[in-house]
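This is what each chain is made of:
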Protein chains: 2
Amino acid sequence: MLRLDSRHPDFGQHFARLLAVKREVAEDVDETVRGIIRDVAARGDAALLDYTRRFDGLGPDASAAALRVSPEEIDAAVAASPPEPLAALALAKARIEAYHRAQVPADHRETDALGVTLGWRWTALESVGLYVPGGTASYPSSVLMNAVPAKVAGVPRIAMVAPAPNGVTNPLVLAAARLAGVDEVFRVGGAQAVAALAYGTATIAPVAKIVGPGNAYVAAAKRRVFGQVGIDMIAGPSEVLILADGSANPDWVAADLLAQAEHDTAAQAILITDSDALADAVAAAVEGQLALLPRAAIAAASWRDYGAIVRVERLADAVPLVDRLAPEHLEIEAAEAEALAARVRNAGAIFLGAHTPEAIGDYVGGPNHVLPTARSARFSSGLGVLDFMKRTSLLSCTPEALRALGPAAVALGRAEGLDGHARSVAIRLNL
Amino acid sequence: MLRLDSRHPDFGQHFARLLAVKREVAEDVDETVRGIIRDVAARGDAALLDYTRRFDGLGPDASAAALRVSPEEIDAAVAASPPEPLAALALAKARIEAYHRAQVPADHRETDALGVTLGWRWTALESVGLYVPGGTASYPSSVLMNAVPAKVAGVPRIAMVAPAPNGVTNPLVLAAARLAGVDEVFRVGGAQAVAALAYGTATIAPVAKIVGPGNAYVAAAKRRVFGQVGIDMIAGPSEVLILADGSANPDWVAADLLAQAEHDTAAQAILITDSDALADAVAAAVEGQLALLPRAAIAAASWRDYGAIVRVERLADAVPLVDRLAPEHLEIEAAEAEALAARVRNAGAIFLGAHTPEAIGDYVGGPNHVLPTARSARFSSGLGVLDFMKRTSLLSCTPEALRALGPAAVALGRAEGLDGHARSVAIRLNL
């Protein structure tokens, strides 16, 4: 774990190095992925079955119809789900839905003084594909975070794909899909699932956009099919930045740092504080709490390789550092939390006060937990309703409005060497 | 030019072929671009100067400071601009600004029944780079369409780059930059300009996002630096779809088809109509008007290779075809224009009525002319204020709110195998 002090003369350099750390090694799977996509686009279900047999142990006699998870299987998964997390998912769904409903954008239409009617209209995407990873990264909470905003947007068809190694799907993932209103579920994964969603097969109809996290193959496949369909951001390893003053509880801060670190050895947890005492106490508490975690090995590696504690003279000095780090998650546990938050430009999500651990936001707070990583909060937002809608602009001129605006359009068309543009206006005005 | 009839038994196949037509050959410039980006990232201004000397004829003695277009040069360009298009640009700027002001999104904050305060906040990007092509595709109107929404969003710094072959920049482009409030202008272009904006040099500070059109090198460079910075969409050749009934004026329809076709040999102009008479009259009018256009060779090639006239039984039958084509521009010149428009899901922009040629929208209507091409209106929107802002979610729990929500978060953390998440909540509740 790195310790920095902004009062040190070399701080600028050290901080720049922290900013520049690459936490992800890009696996070069692009050629493999290109072949899989081409194959699925050409051979459809037959290719999808081949890859699913090879990678997920699907039986040799299974037909394409078997790739669809039936409503009865989902009923059974719901029945088999432990009641406590099932109830928690229902609470989470209700809160996520309420939060995202407020994001539904308004249409706009007005007629100006010249008689030009103009505005825009939002429409939902006609269909969305949701990728859900298999194995330990198969999170029911992520199903809700991706599917609920799409349904709030009004997307009529959500097709979910999730690999089922040896036929097994996490029942809570299926229960979350049911809760969120997912319309179709397929037990396929990897680049082949992305290709099927993008190009369609006899069993899986194509979608307009693909969202959801995945491994290097899935990420490479999403990049490749972009254009054919829309995609969401490509998420990197998760990260938290905690801004805390001397009043913060070091055990709580340490628990929050470790909650981030346990995600992935490439996750990053950083504390910035104006208190030496807190810095020391948190460092000690992290070591103490590590032993209690089932995922201690992962969390320890993340903390060792990418963790940092930065001492600043005053917390206000931290604001420019926060903006440069542009963290996915920013917790502020300090007396002046609101005032500090107001001055931050770049953060995916802000958690205010000592009683708002980031894990609340991961599950049941209401805001989306799909957030920009790797400093991309400088230019992008977390997932929301707008990601499942698009805006169409509207323009309508009366003959009088065209007469008023036309000459300027003709002048610009001619100035740009686009005489056909100018003509299309002039011909209506007998210019 | 293709003529199709929806009443023909093979129409489905023919239309599918029209949908699948590739109008762009992807030039393989990726390796060259990769080298240029690496070089600029490593050597900064020195590399930028080298490439600008080689590609744009910059003098051997020019220093990096000479890459900046001075305010005095912009003054001179404004003074040298012809008055009529200059006045038209001022009108366009005012209308674009008014339209986009209505897009500024609202922040949201509420406290729910449990005492959870939640919402979001929009902030402007800290800086934006605007690429403007050189040569004939150097359009002052595009400078306005990209820069005005950024300024409306509140972006404090817009850095524009435009190649100046042999030192020459279109004076109207500089005048548009001045009008739009662009903060810095540099006479650099190509992949080297994109690299400079993404990584920064001593002369050009890095930006958070790069927007604007460009050639294959610029497009490849934008794809490569994505992640380091944000980028806008990669625009393809432009396209128009006109929906018209027998009441439409064939000369006007033909002029609008040609206004699109003159952009590029890869542009696409399509007419869908329920009138054989209009179809024939438009086909004849296109041939007649072609001779009048300075860019006749380009427009003729586009119309020959990608133009189409589709006859449908009733215009209402066209709506599903429109949604599959998802055109960048949709003109509706028909009695029932509003009703048809209301049923369309996928279009970048809709122009209603006979007196709204698309060229009005290109210049002075108010809506943005940067719109999704190549069927991407299925999943994306035209450029707008939201492209220059990002949303930060906010969450704050009181101790009581955490007590109410905490157990559900703990249950989900444990169910997902993320005990550190569960612990970060439980430790605050003595669970």
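Conventions and cut-offs
Residues numbered from 1 in each chain as written. Chains lettered and ligands numbered in written order. Predicted model: local features only at pLDDT ≥ 70, side-chain atom pairs only at ≥ 80, totals over all residues. Heavy atoms only, no water. Helix = DSSP H or I, 4+ residues; strand = E, 2+ residues; numbered from the N terminus. Buried < 20%, exposed > 50% of the residue type's maximum accessible area, 1.4 Å probe, protein only. Contact = heavy atoms within 4.5 Å. Areas by Shrake-Rupley, 256 points an atom, 1.4 Å probe, with all protein chains shown as cover. Lys, Arg positive; Asp, Glu negative; His and termini not counted. Charge placed at Lys NZ, Arg CZ, Asp CG, Glu CD. Domains from an automatic or database assignment. Least-squares fit on C-alpha atoms with pLDDT ≥ 70 in both. UniProt positions renumbered as here; feature names shortened; annotations may be inferred. Polar contact = N/O pair within 3.5 Å; in protein donor to acceptor, adjacent residues only side chain to side chain. Salt bridge = Lys/Arg side-chain N within 4 Å of Asp/Glu carboxyl O. Axes fitted to C-alpha atoms, helices over the stretch in contact; angles between N-to-C directions. Parallel < 35°, antiparallel > 145°, perpendicular 65-115°, else oblique. Left-handed = near helix turned anticlockwise from the far one by under 90°. Nonpolar A, V, L, I, M, F, W, Y, C, P; charged D, E, K, R; others polar. Buried area = accessible area lost by both parts, 1.4 Å probe. Pairing = 2+ DSSP bridges. Core = buried A, V, L, I, M, F, W, Y, C linked by side-chain atoms within 4.5 Å. 1 Å grid on protein atoms, 1.4 Å probe; cavity = no way out; pocket = protein on both sides within 12 Å on 5 of 7 lines; lining within 4 Å. Points joined across faces, edges and corners; volume = space filled by probe spheres on them.

Participant: Would you explain the overall build of chain A in this entry?
Facilitator: Counting its secondary structure elements, chain A contains 17 helices and 14 strands. With the C-alpha coordinates of chain A rotated into their principal frame, the extents come out at 80 × 60 × 40 Å. The proportion of buried residues among the 431 residues of chain A is 60%. Here the contacts in chain A between residues at least 6 apart in sequence split such that 73% fall between residues at least 24 apart. When the accessible surface of chain A is totalled, it reaches about 15,300 Å², and 54% of it is carbon and sulfur. In chain A, the 39 positive side-chain charges and the 49 negative ones have mean positions that sit 8 Å from each other.

Participant: Looking at this structure, how should I read the domain arrangement of chain A?
Facilitator: One frequently used descriptor of interface size is the decrease in accessible area upon assembly of the parts. Its domain assignment divides chain A into domain 1 (2-22 + 236-366), domain 2 (30-108 + 124-231) and domain 3 (398-429). On a C-alpha basis, the centres of domain 1 of chain A and domain 3 of chain A stand 57 Å from each other.

Participant: So what exactly am I meant to see when it comes to the relation of the copies chain A and chain B here?
Facilitator: The operation linking the two copies of the chain is a rotation about an axis combined with a translation along the axis. Once turned by 180° and shifted 0.0 Å along the axis, chain A lies on chain B with an RMSD of 0.0 Å. Taken together, these values place the two copies in the relation of a two-fold axis. For chain A, the residue whose C-alpha comes nearest the rotation axis is A:P105, separated from it by 4.4 Å. Of the residues that chain A buries at the interface, 100% are likewise interface residues in chain B, meaning the two copies contact each other through the same surface.

Participant: Looking at this model, I keep getting lost on the UniProt feature "binding site: NAD(+)" (unreviewed entry) in chain A. Mind explaining?
Facilitator: Residues and elements named next belong to chain A. If you check UniProt for "binding site: NAD(+)" (unreviewed entry), the listed places come out as Y131, Q192 and N215 in our numbering. Across 85 residues in sequence, these annotated residues keep their C-alpha atoms within 12.8 Å of one another, forming a single compact spot. Among the secondary structure elements, Y131 is positioned in strand β4 (residues 128-131). Judged by its relative accessible area of 4%, Y131 falls in the buried class. Filtering out sequence-adjacent residues up to four positions away, Y131 remains in contact with V161, P163, G189, G190, A193, V194, V211, G212, P213, G214 and V218. Mapped onto the secondary structure, N215 falls in the loop between β7 (209-211) and α9 (216-225). A relative accessible area of 46% places N215 in the partly exposed class. Within the local environment of N215, its side chain forms a polar contact with the backbone nitrogen of V218, the two atoms lying 3.0 Å apart.

Participant: In this structure, what is going on with the pattern of salt bridges? I would like to understand it.
Facilitator: When the charged atoms of two side chains lie near each other, side chains of opposite charge can form a pair. Residues and elements named next belong to chain A. Tallied over the full model, the rule gives 46 salt bridges over all chains. One salt bridge in this structure joins D50 and R43, with 3.0 Å as the shortest N-O distance. With relative accessibility at 31%, the residue D50 sits in the partly exposed group. On the basis of relative accessibility, which here comes to 38%, the residue R43 falls in the partly exposed class. Here the residues in one salt-bridge network are D39, R43, D50 and R53, joined through shared partners.

Participant: Before we go on, may I ask you to explain the packing of helix α2 (residues 30-43) of chain B against helix α8 (residues 190-199) of chain B in this structure?
Facilitator: Packed helices, taken two at a time, are described by their axes: the angle between them and the distance between them. Residues and elements named next belong to chain B. Interhelical geometry of α2 versus α8 gives an angle of 45° and a closest axis separation of 9 Å. Classified by the angle between their axes, α2 and α8 sit oblique to one another. The crossing of α2 and α8 is right-handed. From α2, V33, I36, I37, V40 and A41 reach across to α8, where they touch A191, Q192, A195, A196 and Y199.

Participant: Quick question: what am I supposed to make of the packing of helix α5 (residues 83-101) of chain A against helix α16 (residues 399-415) of chain B here?
Facilitator: Two numbers describe how α5(A) lies on α16(B): the axes approach to 9 Å, and their chain directions differ by 120°. Classified by the angle their axes make, α5(A) and α16(B) are oblique. When the axes of α5(A) and α16(B) are compared, the crossing they make is left-handed. Residues A:E84, A:P85, A:A88, A:L89, A:L91, A:A92 and A:R95 of α5(A) lie in contact with α16(B), whose contacting residues are B:L405, B:A408, B:A411, B:L412 and B:A415. Among the residues forming the contact of α5(A) with α16(B), the class breakdown is ten nonpolar, no polar and two charged.

Participant: Explanation requested: the interface of chain A and chain B in the structure shown.
Facilitator: Listed per partner, the contact involves 117 residues of chain A and 117 residues of chain B. In total, about 9,900 Å² of surface goes out of reach between chain A and chain B, with carbon and sulfur atoms giving 59% of it. Here chain A is connected to chain B by eight salt bridges. Of the charged contacts, one joins B:E333 and A:R428 as a salt bridge, the two residues approaching to 3.1 Å between their closest N and O atoms. Between the two partners, chain A and chain B, sit 64 residue pairs in polar contact (both at pLDDT 80 or more).

Participant: Would you mind showing me how to read the sheet that holds strand β6 (residues 184-186) of chain A here?
Facilitator: All names here are of chain A. Ordered by their spatial adjacency, five strands build an open sheet running β6-β5-β4-β7-β8, and the pairing between neighbours is parallel. Edge positions in the sheet fall to β6 and β8 (230-231), since each has one partner strand and no second. Across four bridges, the pairing between β4 and strand β5 (residues 158-161) is parallel. Across the sheet, residue G129 finds its bridge partner in β5, namely A159.

Participant: Teacher, can you tell me more about the side chain of A:Q103 here?
Facilitator: Mapped onto the elements, A:Q103 comes out in the loop between α5 and β2 (108-111). When its relative accessible area of 9% is taken as the criterion, A:Q103 is described as buried. Of note is the side chain of A:Q103, whose polar atom sits 3.0 Å from the backbone nitrogen of A:V385. Not counting residues up to four positions away in its chain, the partners in contact with A:Q103 are A:G384, A:V385, A:L386, B:W120 and B:R391.

Participant: I would appreciate a short explanation of the sheet that holds strand β2 (residues 108-111) of chain B in the present structure.
Facilitator: Pairing between sheet strands relies on hydrogen bonds along the backbone, with the strands arranged either parallel or antiparallel. Ordered by their spatial adjacency, nine strands build an open sheet running β1(A)-β11(A)-β10(A)-β9(A)-β12(A)-β13(A)-β14(B)-β3(B)-β2(B), and the pairing between neighbours is mixed. For this open sheet the edge positions go to β1 (2-5) of chain A together with β2 of chain B, each flanked by a neighbour on one side alone. If you compare each strand with its neighbour and ignore which way they point, the axes differ by 15° on average. Sheet analysis places strand β9 (residues 239-244) of chain A next to strand β10 (residues 268-273) of chain A, joined by six bridges and oriented parallel. Its bridge partner lying in β10(A), A:L241 is registered against A:I270.

Participant: What exactly am I supposed to notice about the nonpolar core here?
Facilitator: Nonpolar side chains tend to gather and get buried jointly when the protein is soluble and globular. In this structure, A:M160, A:I360, A:V364, B:M160, B:I360 and B:V364 are the most contacted members of the largest nonpolar core, which totals 135 residues. In contact with B:V364, other than residues within four places in its own chain, are A:L405, A:A408, A:A409, A:L412, B:A88, B:L91, B:A92 and B:R95.

Participant: Looking at this structure, how should I read unusual backbone geometry?
Facilitator: Glycine aside, a negative phi is what most residues show, and trans is what most peptide bonds show. Positive phi, close to 45°, is recorded for A:A326, a residue that is not glycine. Inspection of the secondary structure puts A:A326 in the loop between α13 (318-325) and β12 (329-333). For A:A326, a relative accessible area of 0% puts it in the buried group. Residues other than glycine seldom take positive phi values, yet B:A374 does so here, at roughly 55°.

Participant: Hey, could you run me through empty space enclosed by the protein in this one?
Facilitator: Over the atoms rolls a probe the size of a water molecule, and in doing so it shows where empty space is left. In total, this model carries four cavities of 30 Å³ or more according to the counting rule given. The computed volume of the largest cavity comes to approximately 70 Å³. Every residue lining the largest cavity is listed: A:R391, A:T392, A:S393, B:Y99, B:H100, B:Q103, B:G348, B:P367, B:N368, B:L371, B:G382 and B:L383. Listed by contribution, the elements that provide at least two residues to the lining of the largest cavity are β14 (389-397) of chain A together with α5 (83-101) of chain B. Residue contributions to the lining of the largest cavity peak at three residues, all from β14(A). When grouped by side-chain class, the residues that make up the lining of the largest cavity number four nonpolar, seven polar and one charged. In terms of domain composition, the lining of the largest cavity takes at least three residues from each of domain 1 (30-111 + 125-231) and domain 2 (236-378) of chain B. The space that makes up the second largest cavity amounts to roughly 60 Å³. Surrounding the second largest cavity, A:Y99, A:H100, A:Q103, A:G348, A:N368, A:L371, A:G382, A:L383, B:R391 and B:S393 form its lining.

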